[in-house]
Amino acid sequence: METEKLLGMLKARVSLPMATFMETCTHCGVCADSCHLYHIAKDPMHIPSYKADTLRRVYKRHHTWAGKWLPWLVGARDLTDQEMDGWVDTVYQCTMCRRCSINCPIGIDNSLIIRTARTLLNAAGKGPATLEEHTRNALESGSPLKVTKETFLERLEWFEGEMQDLLGDDDYTIPVDQAGVEYLYVPASLEMMKFPQTVMSTLQLFHAAGINFTVSSVRYDITNYGVFNGNDETTRTIAQRDIAEAQRLGVKTVIISECGHAYRAMRWEAPNWLHHDLPFGVVDVVELGAQWVKEGRIHLDPAKNPERVTYHDPCNMGRNGGVFEEPRQVLHGSTEDFVELSPNRENNWCCGGGGGMLSMPEYNDVRLASGKMKAAQVKASGAQVLATACANCQFQLNDVMAHYGLNVRVESVTDLMAKALVRVV
Amino acid sequence: MESLTHFADSWFPAAAAVFVVGFGWRMVRLLRLPRPKDIAPPKGDAAKGAVYALTFAMLPWKKESTRIHWVTYTAGMAMHLGLFLAILYALVRLAGWSGPGLDMVMQGAAPMGWAAAFGLFVKRIFKRSMRAISTPDDFVSSLLVQGVLLGAWLTALDGGWWPLWKVAAMALMVYIPLGKLFHMVLFFFSRVFFGRQFGSRGVLRHAAPVSY
Ligand code: SF4
Ligand code: SF4
């Protein structure tokens, strides 16, 4: 894409908050160690402000006096092919976890700048081919993992059979495309294919709570890869398809499965991308579980999970989504020996698998290395089970536990909740 | 010193005018930018988040980064405090007030601020990670701040240095609208945006209803 068009895209995204974050970094460097990537590698390319400076240099060149007249003074640079080539690794090796923002004395949102840098890289055709392929799959087939409607329906049949066995009820069915019900449940394809137990556990919770729900045979994957590749049009298109389906089915609430970025995208970002309120509520399955426990709608027996359990706050659920206490409420009710990781909640270390890292195998070494802090945290907790509320984190945490030789089982919060369910007759 | 006095007296109004116009212009440019409203239904309280971000969240023990880098944090605070007092001291002098008490405060605050600024300057030069993120603007800004602090110190020791200090202050004033020193105002914007978003999402616990 021509430079002028890219600069136009940048200009269109310059708001007061964006300009503030671009112009206020003092390069004090205290955020460096709060980034898991820098903390482990000590490579300057992983300093949050270094990552943000990629786009910041171009912003200054075109949007500040000093950058226009005295570019050498403020490190301003022209937007060239060569300049952008130098961004790719530092920008795509950011998990957009925002731990640096929490720790910046000024409160700079580096991840906002980094995502905008991805927007430009994507438009210039410079995004990693692997990530682009996943995004294309999501647009074309509805799933980044290319899960087709047929595969989805086959999986549902299997779940249905399992649930019938579990409940001893041959009449149990999973409602598909049922209009007018209260809830639409949309899983993530990573759960469907790699962690089917989580979907089973979710169905058990729904059954125990006695809710009126449906799944969709049209939108059966809640992920939104536009968040990762930086293409705003893709982001909006995917969100709009999900919204249209929820509207077609006339549901009151969309239940997001354990998928951190999907929750962040639909709960917090989509209304702002689309400039309108969503015509339904958005809730994560763990939030709902906590609500049902509180309402006495489901009952849990902690003795069913006697091992020591700890919890990893997915960055997109916690630091970026405000879901901190609900999983804890559920885990306190479902497990006998729950311990916290230190640090936790908004200070929790990113697992290293966010920002699309799982879809870019060329960064596998970096991804596993950056999980070192997480491994150390888990080891220090003495936990035998590591719970989390995001399939993406679950995948990464499995890899990290294996990589660092920790004999710790990774489970979803929903799985632990389902195991602890007390069936009231 | 006489020619310096003459230079400072003649050009001080011009420097002040550059500061006022440049500052105002940059502010107007920024304030004319769109301010997108967050329309996602809040979980916490954006306003409380902003207040928290500007107050308690700034306490050094509240952030892991400032706990780890407490030397840098303390130096930063000392430099900013020294600079703030130096500016206040200058305004007081310009208003025609002076006195040994004020001089004594400056004799303590200015060298403290300068030593801190100098220490951070040295760190920026010698630490690899700091060099990697620094631009000439970072060094120039530090030197200008150090100039003002040294000027204030010398003036507090001997009023005869006042013209030198005035020149240092003029350089600072002319530079503020251009470079990173403008964070003196944008800092507050940034903290408010940070606090509002994290507050609204219920991430800052002081701004969120705790359900458990
Ligand atoms: S992002 Fe914040 S903490 Fe990091 S260098 Fe910039 S001002 Fe300092
Ligand atoms: S958002 Fe996370 S991964 Fe990215 S620079 Fe900040 S701390 Fe590092």
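Rules behind the numbers
- Residues numbered from 1 in each chain as written.
- Chains lettered and ligands numbered in written order.
- Predicted model: local features only at pLDDT ≥ 70, side-chain atom pairs only at ≥ 80, totals over all residues.
- Heavy atoms only, no water.
- Buried < 20%, exposed > 50% of the residue type's maximum accessible area, 1.4 Å probe, protein only.
- Helix = DSSP H or I, 4+ residues; strand = E, 2+ residues; numbered from the N terminus.
- Pairing = 2+ DSSP bridges.
- Right-handed = clockwise from strand over helix to strand, strands pointing away.
- Patch = residues over 30% accessible without salt bridge, like charges linked within 9 Å, V, L, I, M, F, W, Y side chains within 5 Å.
- Areas by Shrake-Rupley, 256 points an atom, 1.4 Å probe, with all protein chains shown as cover.
- Salt bridge = Lys/Arg side-chain N within 4 Å of Asp/Glu carboxyl O.
- Lys, Arg positive; Asp, Glu negative; His and termini not counted.
- Charge placed at Lys NZ, Arg CZ, Asp CG, Glu CD.
- Axes fitted to C-alpha atoms, helices over the stretch in contact; angles between N-to-C directions.
- Contact = heavy atoms within 4.5 Å.
- Near = heavy atom within 4 Å.
- Nonpolar A, V, L, I, M, F, W, Y, C, P; charged D, E, K, R; others polar.
- Domains from an automatic or database assignment.
- Buried area = accessible area lost by both parts, 1.4 Å probe.

J.: I would appreciate a short explanation of the pairing of strand β5 (residues 308-312) of chain A in the present structure.
T.: Residues and elements named next belong to chain A. For β5, the buried fraction is high: four of the five residues fall into the buried class. Both β5 and strand β6 (residues 337-339) contribute to a ladder of three bridges, which runs parallel. Across the sheet, the residue bridging to T310 is V339, located in β6. Traced from β5 through helix α19 (residues 325-334) to β6, the parallel crossover comes out right-handed. One ladder, built from four bridges, connects β5 with strand β7 (residues 385-388); its direction is parallel. Following the sheet pairing, Y311 is matched in β7 by A387.

J.: Explanation requested: a negative patch on the surface in the structure shown.
T.: A surface patch of like charges, here negative, comprises E162, D165, D170 and D171 of chain A. Residue classification places D171 of chain A among the exposed residues on the basis of a relative accessible area of 67%.

J.: Is there a simple way to explain unusual backbone geometry in this structure?
T.: Residues and elements named next belong to chain A. Each neighbour pair has its own omega, and for S342 with P343 the value is 0°, a cis peptide bond. Examined against the element boundaries, P343 turns out to sit in the loop between β6 and α20 (364-369). The backbone of D177 sits at a positive phi, close to 55°, despite the residue not being glycine. Among the structural elements, D177 can be located in the loop between α12 (149-167) and β1 (183-186). One non-glycine residue, R345, adopts positive backbone phi at about 50°. Within the secondary structure layout, R345 lies in the loop between β6 and α20. Residue classification places R345 among the buried positions, given a relative accessible area of 15%.

J.: Just checking my understanding: could you explain the sheet that holds β7 of chain A for this structure?
T.: Working definition: the strands of a sheet are paired by backbone hydrogen bonds and lie parallel or antiparallel to each other. All names here are of chain A. Judged by pairing direction, the sheet is parallel, and its four strands sit side by side in the order β6-β5-β7-β8 without closing on themselves. Sheet topology places β6 and β8 (409-412) at the edges, where each strand pairs with a single neighbour. Strand after strand, the sheet turns through a mean of 35° between neighbouring axes, direction not considered. Along the sheet, α19 contacts β5, β6 and β7; its crossing angle with β5, the most-contacted strand, is approximately 170°. Helix-sheet contacts for helix α23 (residues 413-420) involve β5, β7 and β8, and the interaxial angle to β8 is about 80°.

J.: Whenever I open this one, the environment of T26 of chain A confuses me. Can you help?
T.: Residue placement: T26 of chain A occurs in the loop between α2 (16-24) and α3 (36-41). Taking the C-alpha atoms as reference points, T26 of chain A and E162 of chain A, 136 residues apart in sequence, are found 57 Å from one another. Other than its neighbours up to four places away in sequence, T26 of chain A contacts I106 of chain A together with R124, D138, K180 and H183 of chain B.

J.: Which parts of the structure should I look at to understand the site of ligand 2?
T.: Residue and element names in this part refer to chain A. The full set of residues close to ligand 2 is C35, H36, L37, P48, K51, C94, T95, M96, C97, R98 and C100. Residue assignment for the shell around ligand 2 shows that the elements contributing at least two residues are α3 and α4 (48-63). In terms of residue class, the shell around ligand 2 is built from seven nonpolar, two polar and two charged.

J.: Explain the domain arrangement of chain A here, please?
T.: Where interface size is given, it is often the accessible area lost as the parts come together that is meant. Residue and element names in this part refer to chain A. Segmentation of chain A into domains returns domain 1 (3-127), domain 2 (137-291) and domain 3 (297-419). When each unit is reduced to the centre of its C-alpha atoms, the spacing between domain 1 and domain 3 is 30 Å. Between domain 1 and domain 3 lies a buried interface of about 1600 Å² when both sides are counted; carbon and sulfur atoms form 64% of it. Considering only the side of domain 1, the residues that lose the most area to domain 3 are H36, I40 and R99, jointly responsible for 35% of the buried surface there. The interface formed by domain 1 and domain 3 holds zero salt bridges in total.

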